[in-house]
Amino acid sequence: MDLDDVTIREQNFHSQVREYIICFLLFTILYTISNFIITKYKRKPDDHEDEDAIVNRISLYLCTFTLAVSAGSVLLLPFSIISNEILLSLPQNYYIQWLNGSLIHGLWNLASLFSNLSLFVLMPFAYFFLESEGFAGSKKGIRARILETVVMLILLGLLILGIVWVASALIDNDAASMESLYDLWEFYLPYLYSCISLMGGLLLLLCTPVGLSRMFTVMGQLLVKPTILEDLDEQIYCIDLQEEALIRRLNGAYMTSNLKYNSEDLEQELDGVRTKKLKLERRKKASAWERNLVYPVVMLILLSGTAISVLLVAFNILTLLVDESAMPKGSQELGLGKASLSAFGFVGAAIEILLIFYLMVSSVVGFYSLRFFAALAPTKDDTTMTKIIGNCVSILVLSSALPVMSRTLGITRFDLLGDFGRFNWLGNFYIVLSYNLLFAVVTTLCLIRKFTSAVREELLKALELKTQRRSCTLQTDIKSHSEMRNLATSRQLCVYKGGRGNNQFSCMTFHSTYLES
């Protein structure tokens, strides 16, 4: 064996060890952050140790692993883009030689593998393990619950494989496809993950436009708005009076036999008044820079990010119509550090990374803003493990589809690596074009609806006020007309009855005189 061969083998060995160490360190950091986030929202357990506590702890570890994988999937594209720009700027730097194409490919493959593992094995196991009690007649304990969970996973896997087999046979019924149906690893799992990615892409298409418009409201609630023609002292004084009145009602100071208050409703109203008071006090204590500078700048940043995203999608639509190379596709050979992926160089790459993070945050905000998924929103220190599992699965689906959506919409030109580029629907021109059109149209409509909602609300209030004034005026006219009609009728009866005799005439004449007075 030559010395050169030994040197090459040593270099490959050291490169592999270095990549494993880097991947392990990155995953450890993500796992620690994920554990901190889940622990912050998880419902506090009891002090005593029992079987349910052990099951909850195991499910917590699996959820933490899944959330760490989701964070890694989100960071795939930004890390790859910034690595390409660093290697392009510093190609001969000794301290960044560890940043190479092999490491990037390894990260993409690990993200794909762990996403499949978490979605199809770990999260179903955590849910079934949490809900299991052991088969009837068997001895209760952890082993019985594990046995029931494994049986449920096997049945679920057979059900999913059967559905995929039938669906693929119906869609593509040629001889080659029928032979590939019996290949589990090379056909089933990529096809199944392709379907899941398509569902995740459609979910992102639904959540991201809603989140882009919802972000303005969320940031408006977090930041201090400018005080224009507002007297905060007067508002705080009115809030104090309302708070005192509600406290007196709760204490029974104004309780009477004819008016009874529901204590629960009053407590909720009191909490709302106190929350409003805290917001007003925060606005009063805020500095002039925070009130008059931070809020407008943040709103301009959000508006600019949304506008740039829509413009990039529109440009991508035009590119798709004239150039086939704009289609999202996978790449097996990564030319890292050879050419910049953006026409604006490092600045363009930084803008792409910011847009990718902005779209991810917007999709999460939009996901929890939808009525169907609003019940999944976690609560601090009061979220059950079942709800945590649902949130982890949802975040995993969204984060796994984020690189595909970013490449499909033309936010970045970085080719998809690993199994992310093997999705069948990425090669369909009509699906990709429809996806871009729907994103641009729905995002534009959501923004128009958001910025015109204030005008529409004011117009509706004005119309309602005008309608109420008309109805009040009409009711007043009707009431006046009815009173005059009754008065005229009384006078006519008086004259009519007065003609029958002197006694009756004098009595009714007195009544008529009384009405006239």
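All figures in this text were calculated on a predicted structure; none of them were measured in a lab.

## Section: the overall build of the protein chain
The secondary structure content of the protein chain amounts to 13 helices and zero strands. Secondary structure elements of the protein chain occur, N-terminal to C-terminal, as α-α-α-α-α-α-α-α-α-α-α-α-α. Burial statistics for the protein chain: of 517 residues in total, 36% are counted as buried. Taking contacts inside the protein chain between residues at least 6 apart in sequence as the whole, the part at least 24 apart equals 79%.

## Notes on the confidence of the model for the protein chain
Here the protein chain averages 76 in pLDDT, while 75% of its residues score no lower than 70. Model confidence for the protein chain, summarised as mean pLDDT per element, is weakest for helix H13 (residues 502–516) at 41 and strongest for helix H10 (residues 346–369) at 89. Every residue in residues 256–261 is under pLDDT 50, and counting partners more than four places away or in other chains gives five contacts. Ignoring residues within four places in sequence, the model shows residues 487–517, a span with pLDDT below 50, making 11 contacts including any to other chains.

## Some remarks on the pattern of salt bridges
A complete count under the given rule lists one salt bridge for this structure. Measuring nitrogen to oxygen at the nearest pair gives 3.1 Å for the salt bridge that ties Arg43 to Asp382. A residue pair is termed long-range when its members are at least 10 positions apart, and Arg43 in the loop between helix H1 (3–41) and helix H2 (51–89) and Asp382 in the loop between H10 and helix H11 (385–408) qualify at 339 residues. The exposure class assigned to Arg43 is partly exposed, which follows from its relative accessible area of 41%. Owing to a relative accessible area of 41%, Asp382 belongs among the partly exposed residues under this scheme.

## Description of the packing of H2 against helix H3 (residues 101–131)
Running from N to C, H2 and H3 cross one another at 155 degrees; their axes reach a closest spacing of 9 Å. In terms of their interaxial angle, H2 and H3 are classed as roughly antiparallel. In the packing of H2 onto H3, the handedness of the crossing is left-handed. Partitioned by chemical class, the residues of the contact of H2 with H3 number 20 nonpolar, eight polar and no charged.

## Quick look at helix H9 (residues 288–322)
In this model, H9 (35 residues) spans 51 Å end to end at C-alpha, consistent with the 51 Å of a helix rising 1.5 Å per residue. The sharpest bend along H9 measures roughly 30 degrees and falls at Val294, with the proline Pro296 sitting one to four residues further on.

## A closer look at the nonpolar core
Trp108, Met299, Leu302, Met405, Leu409 and Phe439 are the most contacted members of the largest nonpolar core, which totals 59 residues. Residue assignment for this core shows that the elements contributing at least two residues are H1, H2, H3, helix H6 (184–222), H9, H10, H11 and helix H12 (429–498). Per-element tally for this core: the top contributor is H10, with nine residues. Not counting residues within four places of it along the chain, the set of residues in contact with Phe439 comprises Leu205, Thr208, Pro209, Leu212, Val313, Leu359 and Leu409. In terms of nonpolar packing, the next biggest core, distinct from the first, is built from 23 residues, Val55, Leu60, Ala126 and Leu396 among them.

## What to know about the packing of aromatic side chains
Considering all chains together, one arrives at 10 aromatic pairs under this definition. Judged by centre distance (5.7 Å) and plane angle (75 degrees), the rings of Phe429 and Tyr430 are edge-to-face. Taken together, the aromatic side chains of Phe27, Tyr31, Phe65 and Phe114 make up a single cluster linked through ring pairs.

## Notes on the environment of Arg291
With respect to the helices and strands, Arg291 occurs in helix H9. Arg291 sits 65 residues away from Pro226 along the chain, and the two C-alpha atoms are 4.7 Å apart.

## Quick word on helix H7 (residues 232–251)
Spanning 20 residues, H7 covers 28 Å between terminal C-alpha atoms, matching the ideal 28 Å at 1.5 Å per step. Burial in H7 covers these residues: Leu232, Ile236, Ile239, Glu243 and Leu246. The arc that holds the buried residues of H7, viewed along the axis, is 85 degrees, so those residues lie on one side.

## Remarks on a negative patch on the surface
A contiguous patch of negative charge on the surface is contributed by Glu264, Asp265, Glu267, Glu269 and Asp271. The exposure class of Glu264 is exposed, given its relative accessible area of 55%.

## A short note on the packing of H10 against H11
Following both chains from N to C, one finds H10 and H11 inclined at 140 degrees, their axes separated by 11 Å at the closest point. It follows from the interaxial angle that H10 and H11 lie oblique. In this structure, H10 meets H11 at a crossing whose hand is right-handed. From H10, Ile356, Leu359, Met360, Ser363, Val364, Phe367 and Tyr368 reach across to H11, where they touch Asn391, Ser394, Ile395, Leu398, Ser399, Leu402, Met405 and Ser406.

## Some words on unusual backbone geometry
Notably, Asp381 is not glycine yet its phi reads approximately 60 degrees, a positive angle. Using a relative accessible area of 34% as the deciding quantity, one classes Asp381 as partly exposed.

## So, the environment of Leu110
Along the chain, the position of Leu110 falls in helix H3. Sequence-wise, Leu110 and Ser73 are 37 residues apart; in three dimensions their C-alpha atoms are separated by 9.6 Å.

## Some details on the environment of Val210
Inspection of the secondary structure assignment puts Val210 in helix H6. Residue class for Val210 comes out partly exposed when judged on its relative accessible area of 22%. Separated by 237 residues in the primary sequence, Val210 and Leu447 place their C-alpha atoms 8.7 Å from one another. The contact partners of Val210, leaving out residues within four places of it in the chain, are Gly366, Ser369, Leu370 and Cys446.

Parameters at a glance
Residues numbered from 1 in each chain as written. Predicted model: local features only at pLDDT ≥ 70, side-chain atom pairs only at ≥ 80, totals over all residues. Heavy atoms only, no water. Helix = DSSP H or I, 4+ residues; strand = E, 2+ residues; numbered from the N terminus. Buried < 20%, exposed > 50% of the residue type's maximum accessible area, 1.4 Å probe, protein only. Contact = heavy atoms within 4.5 Å. pLDDT = per-residue confidence, 0-100. Salt bridge = Lys/Arg side-chain N within 4 Å of Asp/Glu carboxyl O. Axes fitted to C-alpha atoms, helices over the stretch in contact; angles between N-to-C directions. Parallel < 35°, antiparallel > 145°, perpendicular 65-115°, else oblique. Left-handed = near helix turned anticlockwise from the far one by under 90°. Nonpolar A, V, L, I, M, F, W, Y, C, P; charged D, E, K, R; others polar. Expected span 1.5 Å × (residues − 1). Bend = angle between axes of the 7 residues up to and from the residue. Core = buried A, V, L, I, M, F, W, Y, C linked by side-chain atoms within 4.5 Å. Phe/Tyr/Trp six-rings, centres within 6.5 Å; stacked < 30°, edge-to-face > 60°. Arc of directions from axis to C-beta. Patch = residues over 30% accessible without salt bridge, like charges linked within 9 Å, V, L, I, M, F, W, Y side chains within 5 Å. Areas by Shrake-Rupley, 256 points an atom, 1.4 Å probe, with all protein chains shown as cover. Lys, Arg positive; Asp, Glu negative; His and termini not counted. Charge placed at Lys NZ, Arg CZ, Asp CG, Glu CD.

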